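Here are the chains, one letter per residue:
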Amino acid sequence: MEVYLDNSATTRAYDCVAELVGKVMVTDYGNPSSLHMKGVEAEQYIRYAKEIIAGNMKVLEKEIVFTSGGTESDNLALIGAAFANRRAGRHIITTCIEHPAVMQTMHYLEEQGFQITYLPVDRDGVIRLEDLRCAIRRDTILVSIMHTNNEIGSLQPIGEAGALIHKLNPRIIFHVDAIQGYGKFRIYPKKMQIDLLAVSGHKIHGPKGVGFLYINEKVKVLPIVYGGGQQKGMRSGTENVSGIAGLGKAVETVYENLEAERMAMYDLKERFVQGVLQIPDVRINGLTGEMSAPHVISVSFRGVRSEVLLHALEEKGIYVSAGSACASNKAPRPSDTLRAIGLEKDLLDSTLRFSLSVFTTQEEIDYTLQSLYDIVPVLRKYTRH
């Protein structure tokens, strides 16, 4: 039996997405910048995807820029906004639990002379709005807060943060990394006062190598990729038409039955949480239930190294993660998120992430739980004290 519980790393594409991507690559393969009919046909796929995405978020089609994925979307948002608005100030606020796509970009901006304030989080991985209020200065130009944490599934008060930021200073740009939250929740940037929103296709059963960035039409952002001037110069380069078409289809599909599928995931998550807590010396990191993401579960198994348990589960056909798949596996280091929530030192290397999707079944959850019941006691016997 194969059980894939690493959906925060990537998801299996919907069948309809795979079929459409193949069709565009083989049949409607024109360059959207070409003036002949093949080019026109390709451009229509881009227009349709924009229509779907913009309609889903209730924004303007011209406010959607397609990218190579979440990392590029975050880089374009942060670097582009910081350099475009640096005359107004050089102070930026983010959190201490951001994805590397944001965190490493912040380190780069620090090297370029920007000052970064990193907001702490509580033991559940949630920022305090009062900390945000106190951090905002006259020279603050940008705030970046993730919607959903990729390791423990904590949800940030994005709507409240957006309102607070723009009440204190309407000129501050509010960026949200929604890569784990989009496709699980309905996100309306205008209502939530989000200026920049990053999304990745392969987290929502779409293709890898494609994503988008929502840019409020009133916000000034400089491009970071130059070339032929595609997408009105904001992101040059021939568009990934097959990927964009697949992304549009994934957005359309994931939001068709969003509420029912989200509640089904919450039910499976609760079944797993209650089941895994039957094992002695186990800790769930972050909140559970509807106060958390429906698909992410972080579990610490005291006395068992995460890498050892990961491979023991793999031998039973169960695929999970020991942390963010987007961090380098060549140089593992303690999770910033787990350290930020104050997780005990001996649990930092004993934590696994189980992440669900719409394809996850109750049978798979029960099989995984039984496997853990069998494996964990055996591994603990061989742990050196």
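The structure this text deals with has already been given above.
Residues numbered from 1 in each chain as written. Predicted model: local features only at pLDDT ≥ 70, side-chain atom pairs only at ≥ 80, totals over all residues. Heavy atoms only, no water.

J.: I'd like to hear about a positive patch on the surface, residue by residue, with values.
T.: Where like charges cluster on the molecular surface, the positive patch consists of Arg-86, Arg-87, Arg-90 and Lys-220. Relative to the assigned elements, Lys-220 resides in the loop between strand E8 (211–215) and helix H8 (241–254). (Patch = residues over 30% accessible without salt bridge, like charges linked within 9 Å, V, L, I, M, F, W, Y side chains within 5 Å. Areas by Shrake-Rupley, 256 points an atom, 1.4 Å probe, with all protein chains shown as cover. Salt bridge = Lys/Arg side-chain N within 4 Å of Asp/Glu carboxyl O. Lys, Arg positive; Asp, Glu negative; His and termini not counted. Charge placed at Lys NZ, Arg CZ, Asp CG, Glu CD. Helix = DSSP H or I, 4+ residues; strand = E, 2+ residues; numbered from the N terminus.)

J.: Tell me what's going on with the packing of helix H1 (residues 15–26) against H8, and back it up with residues and numbers.
T.: Running from N to C, H1 and H8 cross one another at 155°; their axes reach a closest spacing of 8 Å. Overall, the two elements H1 and H8 adopt an arrangement that is roughly antiparallel. Handedness of the H1/H8 crossing: right-handed. For the pair H1 and H8, contact is made by Cys-16, Val-17, Leu-20, Val-21, Val-24 and Met-25 and by Val-241, Ser-242, Ala-245, Gly-246, Lys-249, Ala-250 and Thr-253, respectively. (Axes fitted to C-alpha atoms, helices over the stretch in contact; angles between N-to-C directions. Parallel < 35°, antiparallel > 145°, perpendicular 65-115°, else oblique. Left-handed = near helix turned anticlockwise from the far one by under 90°. Contact = heavy atoms within 4.5 Å.)

J.: Tell me about the nonpolar core, residues and numbers included.
T.: Grouped together as the largest cluster of nonpolar side chains are 59 residues, with contacts concentrated most on Leu-132 and Tyr-182. By residue number, the principal contributor to this core is helix H2 (residues 37–57), which donates eight residues. Residues Leu-268, Phe-272, Ile-284 and Ile-318 belong to the second largest nonpolar core, which totals 29 residues. (Core = buried A, V, L, I, M, F, W, Y, C linked by side-chain atoms within 4.5 Å. Buried < 20%, exposed > 50% of the residue type's maximum accessible area, 1.4 Å probe, protein only.)

J.: Any chance you could break down empty space enclosed by the protein for me, citing the residues and the numbers?
T.: Throughout the structure, instances matching the rule amount to three cavities of 30 Å³ or more. Here the largest cavity is characterised by a volume of approximately 90 Å³. Lining the largest cavity are Gly-183, Lys-184, Lys-203, Ile-204, His-205, Val-254, Leu-258, Glu-261, Arg-262, Met-265, Ser-357 and Val-358. Tallying contributions element by element places helix H9 (residues 258–276) first for the lining of the largest cavity, with four residues. In the lining of the largest cavity, the residues fall into five nonpolar, three polar and four charged. (1 Å grid on protein atoms, 1.4 Å probe; cavity = no way out; pocket = protein on both sides within 12 Å on 5 of 7 lines; lining within 4 Å. Points joined across faces, edges and corners; volume = space filled by probe spheres on them. Nonpolar A, V, L, I, M, F, W, Y, C, P; charged D, E, K, R; others polar.)

J.: Explain the pairing of strand E5 (residues 140–144) to me, and be specific about the residues and the numbers.
T.: Buried residues dominate E5, accounting for five of its five residues. Sheet topology note: the strand E3 (residues 91–95)/E5 ladder contains three bridges and is parallel. Pairing of Ile-92 across the sheet is with Leu-142, part of E5. Where E5 and strand E6 (residues 173–177) come together, three bridges link them in parallel fashion. Residue pairing in the sheet places Ser-144 in a bridge with His-175 of E6. A crossover links E5 with its parallel partner E6, the connecting element being helix H6 (residues 158–168), and its sense is right-handed. (Pairing = 2+ DSSP bridges. Right-handed = clockwise from strand over helix to strand, strands pointing away.)

J.: Now, about the sheet that holds E8: what can you tell me, with residues and values included?
T.: Strand order in this open sheet of seven strands is E2-E8-E7-E6-E5-E3-E4, and the pairing throughout is mixed. Looking at which strands have only one partner, the edges of the open sheet turn out to be strand E2 (64–67) and strand E4 (115–119). Geometrically, the sheet is characterised by an average inter-axis angle of 20° between neighbouring strands, direction not taken into account. Relative to E8, E2 runs antiparallel, the two being bridged by four bridges. For Thr-67, the partnering residue across the bridge sits in E8 and is Gly-211.

J.: Could you give an account of the pairing of E3, with specific residues and numbers?
T.: Counting buried positions over the five residues of E3 gives five, a clear majority of the element. The alternating pattern of E3 places His-91, Ile-93 and Thr-95 and Ile-92 and Thr-94 on opposite faces, both of which are buried. Sheet topology places E3 next to E4; five bridges connect them, and they run parallel. If you follow Thr-94 over to E4, its bridge partner there is Tyr-118. In this view, the connection linking E3 to its parallel neighbour E4 by way of helix H4 (residues 100–111) has right-handed handedness.

J.: Explain H2 to me, and be specific about the residues and the numbers.
T.: Here H2 is 21 residues long and its end C-alpha atoms lie 31 Å apart, about the 30 Å a rise of 1.5 Å per residue gives. Of all the positions in H2, only Gly-39, Ala-42, Tyr-45, Ile-46, Ala-49, Lys-50, Ile-52, Ile-53, Ala-54, Asn-56 and Met-57 are classed as buried. Where H2 is buried, its residues meet H1, E2, helix H7 (189–192), strand E7 (196–200), E8 and H8. Just past H2, the residue Lys-58 takes up positive phi, approximately 60°. (Expected span 1.5 Å × (residues − 1).)

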